[in-house]
Amino acid sequence: MSIFLSSQTVGLSRSIIIEGDNITVSDLDECPEGFWHLDEKAYFSLTRVAAARSIKFDVLPSDPRIEWWRQWMPIPRIDLILPKKTVSTHIKTLIENCRKITVDSYYTAQYQIQNRLLDTFQNANVDLHLLRQQDDNVIDSFSSDATGRCTRIDYDNYGSSTGRMSVKSGPKILTMSKEHRHIFRSAWGPNGSLLSIDYNALEPRVIMTLMGNKTLPADIYSSIGEKLQLTHTSRKTLKLMILAILYGMARKNFIVKFMSEQDPDVSYDKIRDALGVKDILARIKQEMREGFIQNHYGRPLSCDNESLYVNHFTQSTAVDVACEGFLNLVKDNGDIIRPVFMLHDELVVDVNNSDIDKLKERIGSSLYIPSLATSFHVTTKVFNARKSDQ
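### Remarks on the packing of helix α10 (residues 202-210) against helix α12 (residues 235-246)
Argument step 1. Look at α10 against α12: their axes get within 10 Å of each other, and the N-to-C directions meet at 60°. The crossing of α10 and α12 is left-handed. In this structure, α10 contributes E203, P204 and I207 to the contact, and α12 contributes I242, L243 and L246.
Argument step 2. Of the residues contributing to the contact of α10 with α12, the split by class is five nonpolar, no polar and one charged.

Okay, structure coming up:
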């Protein structure tokens, strides 16, 4: 495992390079490709993995002299402020902690797919006139220049117990009402559009794929209804039923919620069996480590409520699956798109109107997920269209 500790980050005159048991100093300022680091990039970020694994470590020494100097500069030169022995002890501890952080196989592999995707996101653009008409809760999360170019969004992909992302800074797109999306504009102005690539029924599809169903229809909810002969239940209600079971709703609460439907207790059992909930739950319990459940890829998840095991497992695995497919999409279409947002199972890209047909043709109706050796259905549509525009 190779680690790069930039001089500008750790407060030294030269950078430190760690490759296996070898530790050297270097005049390099930028992190070499494929090295772990303490910089702002998400890909191979030691600080992100440390936060995800709840590992606390100090990049700079905890010393009042350092804190005093940080009033004047964010990263003071610790080798000019502190005794040599103090600096040496701190750097040794820092290197040991960095090595510990990179041990976990999930965080060195599948998790880095998420981070690599996050690093591709670019600044979104808004119509300033329309932005000023929104309420303060919407406006406050936007920091834009005179042209309407927003601050680049920064996601937290380590703080949630389920593995789902939240917004650290930038436009609060995850909690923003769909009615406000029309304020976004393409970087190409009227010659461009924001498109949404959205997985269809991602979470049920993930569970059923893991249970061995590699070939699933585009409309998975209707398919389950037909297979289980729940013809009396509408597709909308069937979707709510399936998601309620995946999210851990208890039988008695399910029966109360869907009491207007025919035989809700029978539907509960049928849907659980179709999704393979019992088998997934047995797998989760078998793979528990030190009190943590794990998602399909090995991400440890904190969950004390057994009724939520399948929910956490499914949501977290779905995040990894979504990012894997989206990263491949971005790599394959980097010549014509600008990725700007991710909304859980939806990727928003900025594209010149002249390239829209080309992009849709390349994507088709599905994204391939290499780790699962199958394709997941997606829908491509305009992201910021209002109902009156559709």
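Next comes the rest of the description.
### Comments concerning the pattern of salt bridges
Argument step 1. The full count for this structure, using the stated rule, is 14 salt bridges.
Argument step 2. Taking the shortest distance from any N to any O, the salt bridge between E306 and K285 comes out at 2.8 Å. Here E306, found in the loop between β10 (300-301) and α16 (309-332), pairs with K285, found in helix α15 (residues 277-286); they are 21 residues apart in sequence, far enough to count as distant.

### Description of the sheet that holds strand β3 (residues 22-26)
Argument step 1. Pairing in this open sheet of three strands is antiparallel, and the strands run β1-β2-β3 from one edge to the other. Each end of this open sheet is capped by a strand with a single partner; those strands are β1 (2-5) and β3. Going across the sheet, the axis of each strand differs from the next one's by a mean of 15°, ignoring polarity.
Argument step 2. Bridge count for strand β2 (residues 15-19) against β3 is five bridges, and the pairing is antiparallel. By the bridge assignment for β3, I18 is matched with I23.
Argument step 3. Sheet strands touched by helix α5 (residues 84-101): β1, β2 and β3. Its angle to β1, the strand with the most contacts, is close to 140°.

### Remarks on the sheet that holds strand β11 (residues 337-342)
Argument step 1. With antiparallel pairing, the five strands of this open sheet are ordered in space as β11-β12-β8-β14-β13. Two strands in the sheet have a free side with no partner beyond their single neighbour: β11 and β13 (366-369). Adjacent strand axes in the sheet meet at a mean angle of 30° when their direction is disregarded.
Argument step 2. As paired strands, β11 and strand β12 (residues 346-352) are joined by five bridges and run antiparallel to one another. In the sheet register, I337 faces β12, and the bridge partner there is V351.
Argument step 3. Against the sheet, α16 contacts β8 (192-199), β11, β12, β13 and β14 (374-382), and its axis sits at roughly 110° relative to β13.

### Quick look at the nonpolar core
Argument step 1. Counting residues in each nonpolar core, the largest one holds 115 residues, and the members touching the most others are L5, Y155, I173, F184, L275 and F341.
Argument step 2. If one sorts the elements of this core by residue count, α16 sits on top with twelve residues.
Argument step 3. Once residues within four sequence positions are removed from consideration, F341 is found in contact with F121, A124, I153, Y155, P171, I173, F184, E346, L347 and V348.

### Quick look at the environment of C303
Argument step 1. Tracing the chain through its elements places C303 in the loop between β10 and α16.
Argument step 2. As for C303 and V351, which are separated by 48 residues in sequence, their C-alpha atoms are 40 Å apart.
Argument step 3. For C303, the residues in contact, after removing those within four places along its chain, are I293, L308, Y309 and H312.

The rules behind these values
- Residues numbered from 1 in each chain as written.
- Predicted model: local features only at pLDDT ≥ 70, side-chain atom pairs only at ≥ 80, totals over all residues.
- Heavy atoms only, no water.
- Axes fitted to C-alpha atoms, helices over the stretch in contact; angles between N-to-C directions.
- Helix = DSSP H or I, 4+ residues; strand = E, 2+ residues; numbered from the N terminus.
- Left-handed = near helix turned anticlockwise from the far one by under 90°.
- Contact = heavy atoms within 4.5 Å.
- Nonpolar A, V, L, I, M, F, W, Y, C, P; charged D, E, K, R; others polar.
- Salt bridge = Lys/Arg side-chain N within 4 Å of Asp/Glu carboxyl O.
- Pairing = 2+ DSSP bridges.
- Core = buried A, V, L, I, M, F, W, Y, C linked by side-chain atoms within 4.5 Å.
- Buried < 20%, exposed > 50% of the residue type's maximum accessible area, 1.4 Å probe, protein only.

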